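Listed below are the residues making up each chain.
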Amino acid sequence: GVDLADVDLDGFLDITTPWEDTGKITVSFHPGYASVASPWPTIELDGGIGAGEGAIFCDVDLDGHQDVIATSESEKIIIYFSPTNPAQARTAGAWTTVEITAAAGDTNWMQAACAAFTPLDEGAIEIIAGGKFYPEGDVPREALRQANEIAEEYRYSPSDGYPGYKLAWLVAQK
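It should be emphasised that the depicted structure is a prediction, and the values quoted were computed from it without experimental measurement.

Cut-offs and rules
Residues numbered from 1 in each chain as written. Predicted model: local features only at pLDDT ≥ 70, side-chain atom pairs only at ≥ 80, totals over all residues. Heavy atoms only, no water. Pairing = 2+ DSSP bridges. Helix = DSSP H or I, 4+ residues; strand = E, 2+ residues; numbered from the N terminus. Axes fitted to C-alpha atoms, helices over the stretch in contact; angles between N-to-C directions. Phe/Tyr/Trp six-rings, centres within 6.5 Å; stacked < 30°, edge-to-face > 60°.

Here we come to the sheet that holds strand E7 (residues 76-81). Within a beta sheet, neighbouring strands are joined by backbone hydrogen bonds and run either parallel or antiparallel to one another. Spatially, the 4 strands line up as an open sheet ordered E5-E6-E7-E8, and their pairing is antiparallel. Looking at which strands have only one partner, the edges of the open sheet turn out to be strand E5 (52-58) and strand E8 (96-99). The sheet shows a mean angle of 20° between the axes of neighbouring strands, taken without regard to direction. Of the strand pairs in this sheet, E7 and E8 are connected by 4 bridges, and their pairing is antiparallel. Bridging across to E8, Ile78 finds its partner in Glu99.

What follows is about unusual backbone geometry. The backbone phi angle of Leu9 is positive, close to 55°, even though this residue is not glycine. Secondary-structure assignment places Leu9 in the loop between strand E1 (3-5) and strand E2 (14-19).

Centre-to-centre distance and the angle between the planes together describe a pair of aromatic rings. One pass over the structure, following the stated rule, counts 1 aromatic pair. Judged by centre distance (4.9 Å) and plane angle (85°), the ring pair of Phe12 and Tyr33 falls under edge-to-face. Taken together, the residues Phe12 in the loop between E1 and E2 and Tyr33 in the loop between strand E3 (24-28) and strand E4 (42-45) connect sequence positions 21 residues apart.

Read these as spatial facts, not as claims about activity.
As structure tokens, this is what we get:
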């Protein structure tokens, strides 16, 4: 899946796209109405996502700038943190890549969503990812158990440079 958000704060919606065949995650920047029919400026976010399946925008670190969460059938979830200066958003090297290693190898991650289920002043965004071909079989109970473990393991503190986020997931049965 693709997603739309104004990443560079120019008033136009930009697009993030996963490319399953090439393993690329891209962000394409709206060039303005006068150039909308021309090719859009596009960056490729690095990080080795593999067979990218989904890409969404979400302000994961609550800094006011849209980050990208990418899921893949290569059993990975990667967060690409956008630069805090919107003028640098069009520079791929200005983005920071963090793989959620606890999600690696668990399932073919198909989609993700993010939400604030708790007050934002508590400094947490929840990331919900869905997958297929979960190997354990007993999906709902296992997913809940792991969600609780991951929420603690991957909660960044302000000293890490990020206010914090939790990861939970729901997966489909084989």
